[in-house]
Amino acid sequence: MTEETDLDVIAADLLLDGNIEGQTEDQTPEQTALDKKINQHFAGLVVRKDLVKAVKGNAIVPSYVLEYLLGQYAASDDEATIQAGIDSVRKILADHYVQRNQSELVKSTIKERGRYKIIDKVSVSLNDKDDRYEAEFSNLGIKGVVVESATINAHPKLLVGGVWCICDIDYFHFDDARVVPWQLGSLKPIQLSNFDFDSYTTSRREFTTDEWIDLLIQSIGFNPALFGRRAKLIQLVRLIPFVERNYNLVELGPKGTGKSHIFSEFSPHGMLISGGEVTVPKLFVNNSNGRIGLVGYWDVVAFDEFAGRKKRTDKALVDIMKNYMANKSFSRGVETLGAEASMVFVGNTSHNVPYMLKHSDLFDELPESYHDAAYLDRLHHFIPGWEVDTIRGEMFSEGYGFVVDYIAEVLKSMRNADYSDRYQQHFTLGSDISTRDRDGIHKTFSGLMKILYPHGEATQEEIEETLRFAIEGRKRVKDQILRIDATMAEVKFGYLDNDGGWHPVTTLEEDEYPTHYHRTRHAEGADATDSTGEEGSGATASAADGVAGTPVKPELYAGHREYQENQRGVSYATVLIPYLRGATEITLTDPYIRQFHQARNLMEFVEALAAVKDPADEVELKLITTESSDGPEKVQKQLEFLLRVKQAAAVAGITLDVELSDTIHDRSIRANSGWRINLGRGLDIFQFVSNDTFDIAAKIQQYRQVKAFGITYIKEPTTQPID
């Protein structure tokens, strides 16, 4: 059944106030079905993620410290309990968290009371002259506090980098000025002491894979609704170093994409250090006193601000790091020691991807000592940071996620497990993939499988998705190494299924910029050819010109094409409009033109048509869509959107008619130009884009990332009716 809708008739009844998206008042977020399910199966182990911002205030403290407290008092879906818990946590922070500018007041409180509980970052060093351990409190500003050996044995991380703790500090004044009056009464690191892994995996079975991924994304602190599947997997790859021993990960990309957040805020088992602060004694071993460095105590050591071509580097450090990343060991004099810390390198890029591919390589920003094939070959996975959106306020989650110290302990407990062979019953890696490439693929695959399928249950399609993602990350490393060292042999990255079918794997930037991607680093000239022999983007193909310079209209492609999630360079002008040139009657069938962003897509489709039509011609555009099912208010808003598009289209000589139908499902465009276009996702091919005037992606489609979609072009007789 269909219903013709005349938008002009309802226009008088609609209040068009210029605020299409409307305003909402601040209120408690409504629980989604996923939130309810999370609380049902992980009661007491999850917390509403927006509460962290609510209690943090001016406290410069990691999120896992705040969530530890919220997990004690506000791990509930009962609003009254949550509010009481927030009040309790705020009071604890106000009374016991040491603000640096109030340290003297806190010290006075300790003196007057004799004992007082504080929350502070504590680091310990050995005073070998007096043969004792001494603690330093970061915010309180006191040091020389004696610590018992038993405390150090129980919490050795106090010796390297420091640990956030809840402590009781005592004050006893002595006449001897050499004796420190501060004494440590008790010390408890802020992290979970134990958990039930079997309960974790049992509860995992109650969630679909999509639900589980969304739970993990909410646990990180992001709203999964604003991320595509590939973008979610990229976020979860950042967790692999916590669940996989000796995992070497690099992420390079633009500023502001949250590259270092996971390693500074997410887990008490990770240590984030500035790239300029790295030394051999700090990282590996101090030969003067024999003390082991960070890799001996932390699960993850992340190097922030790692990129920067002009940065000075210690060649000895690079050599030791190479050996450690390859062999999981380092030398202390004549003795060789092993460690399990994963290494993460994050840094900013100053050029976009096509520029780097054309002029150098994707590792271009690294310091010279690290821009070395032997070092880079130790990396297991390269996260394409340029695919990650800049963090915006609306991207943060208001839903429920794991208390981070809980999920941190879960990940830590799985470091000894090995899931790297879980694909072998279905697939076989290509025969020319080297041992080092294979190790990188295996470790990424194993890590993702532990994160996504800790219960060991995954379908063949899910295993294949994980395997392809792991292969792509290692391929990105290897392809860039080939640009740096031409003597290394090329590798065909892919896998075989049980029927012997070969499945090649490409990187997204390879699909987006094939001409530049297949240029070697040492190729001469800007117009070098790619691996298929086609000329680069700067060349002009004379074959496209007719006799005496008369342009020949290129033949339009007929068939099916697939586009990957996060791909750029796609627009309606390139994938749709060439097939609609000259059409005067166009029917667009898309059941989902309901929300603001969907109406904006329709408006941009109209704009693309208007840009190529003769101003003197008229085009009849018929939209067949469905009415919103979310209630009368949403229906009215939908009709407002459509009316605005109709009015705007009329200015360009495009008449928009709308038909509401409750029987359509497929998405397509048919035109009297002789083409039918089957649209896998309709017009909704782009990922979230802001309304920011200063965001170029908001204005120009080709700079947006797309969702994964397919499109099929079918040539039809021009005489065939389109209705």
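Small disclaimer: the values here were computed from a predicted structure and weren't measured.

This part is about the confidence of the model for the protein chain. For the protein chain, the average pLDDT comes to 86, and 89% of its residues sit at 70 or higher. Across residues 10-26, where pLDDT falls below 50, the model places 19 contacts with residues more than four positions away in sequence or in other chains. In this model, residues 521-550 is a region of pLDDT below 50 whose contacts with residues beyond four sequence positions or in other chains number 33 contacts.

Taking a probe equal in size to a water molecule and rolling it over the atoms shows the remaining empty space. In this model, the second largest pocket occupies a volume close to 1000 Å³. Lining the second largest pocket are 36 residues, and of these W386, R568, Y703, R704 and Q705 sit closest to its centre. Of all the secondary structure elements, the ones that give two or more residues to the lining of the second largest pocket are helix 15 (353-359), helix 20 (508-512) and helix 25 (696-699). Tallied by class, residues from the lining of the second largest pocket come to 13 nonpolar, twelve polar and eleven charged.

Before going further, it helps to examine the sheet that holds strand 8 (residues 248-253). Read from one edge of the open sheet, five strands run 9-12-15-8-16, paired in parallel fashion. Whereas interior strands pair on both sides, the edge strands pair on one side only; in this sheet they are strand 9 (270-274) and strand 16 (381-384). Neighbour to neighbour, the strand axes of the sheet diverge by 20° on average, direction disregarded. Contacts from helix 14 (residues 315-327) reach strand 8, strand 12 (300-304) and strand 15 (342-348) within the one sheet, and its direction differs from that of strand 15 by about 125°.

Position of N139 relative to the elements: it lies in the loop between strand 4 (132-137) and strand 5 (142-147). Ignoring sequence-local partners within four residues, the contact set of N139 consists of Y97, V98, R100, S103, D120 and W164.

Next up on the list: the environment of S63. Inspection of the secondary structure assignment puts S63 in helix 4 (residues 63-73). Judged by relative accessible area, which is 14%, S63 ranks as buried. With 199 residues separating them along the chain, S63 and I262 place their C-alpha atoms 9.9 Å apart. Among residues more than four places away in sequence, those in contact with S63 are V52, E265 and V404.

Examined bridge by bridge, strand 3 (residues 115-127) and strand 4 share six bridges and lie antiparallel to one another. Within strand 4, the residue paired with S123 across the bridge is E136. The hairpin formed by strand 3 and strand 4 contains four residues between the paired strands, and D131 there has a positive phi angle of roughly 55°. Across five bridges, the pairing between strand 4 and strand 5 is antiparallel. In the sheet register, E134 faces strand 5, and the bridge partner there is V146. The hairpin formed by strand 4 and strand 5 contains four residues between the paired strands, and G141 there has a positive phi angle of roughly 80°.

Here is what the cut-offs are and how they apply
- Residues numbered from 1 in each chain as written.
- Predicted model: local features only at pLDDT ≥ 70, side-chain atom pairs only at ≥ 80, totals over all residues.
- Heavy atoms only, no water.
- pLDDT = per-residue confidence, 0-100.
- Contact = heavy atoms within 4.5 Å.
- 1 Å grid on protein atoms, 1.4 Å probe; cavity = no way out; pocket = protein on both sides within 12 Å on 5 of 7 lines; lining within 4 Å.
- Points joined across faces, edges and corners; volume = space filled by probe spheres on them.
- Helix = DSSP H or I, 4+ residues; strand = E, 2+ residues; numbered from the N terminus.
- Nonpolar A, V, L, I, M, F, W, Y, C, P; charged D, E, K, R; others polar.
- Pairing = 2+ DSSP bridges.
- Axes fitted to C-alpha atoms, helices over the stretch in contact; angles between N-to-C directions.
- Buried < 20%, exposed > 50% of the residue type's maximum accessible area, 1.4 Å probe, protein only.

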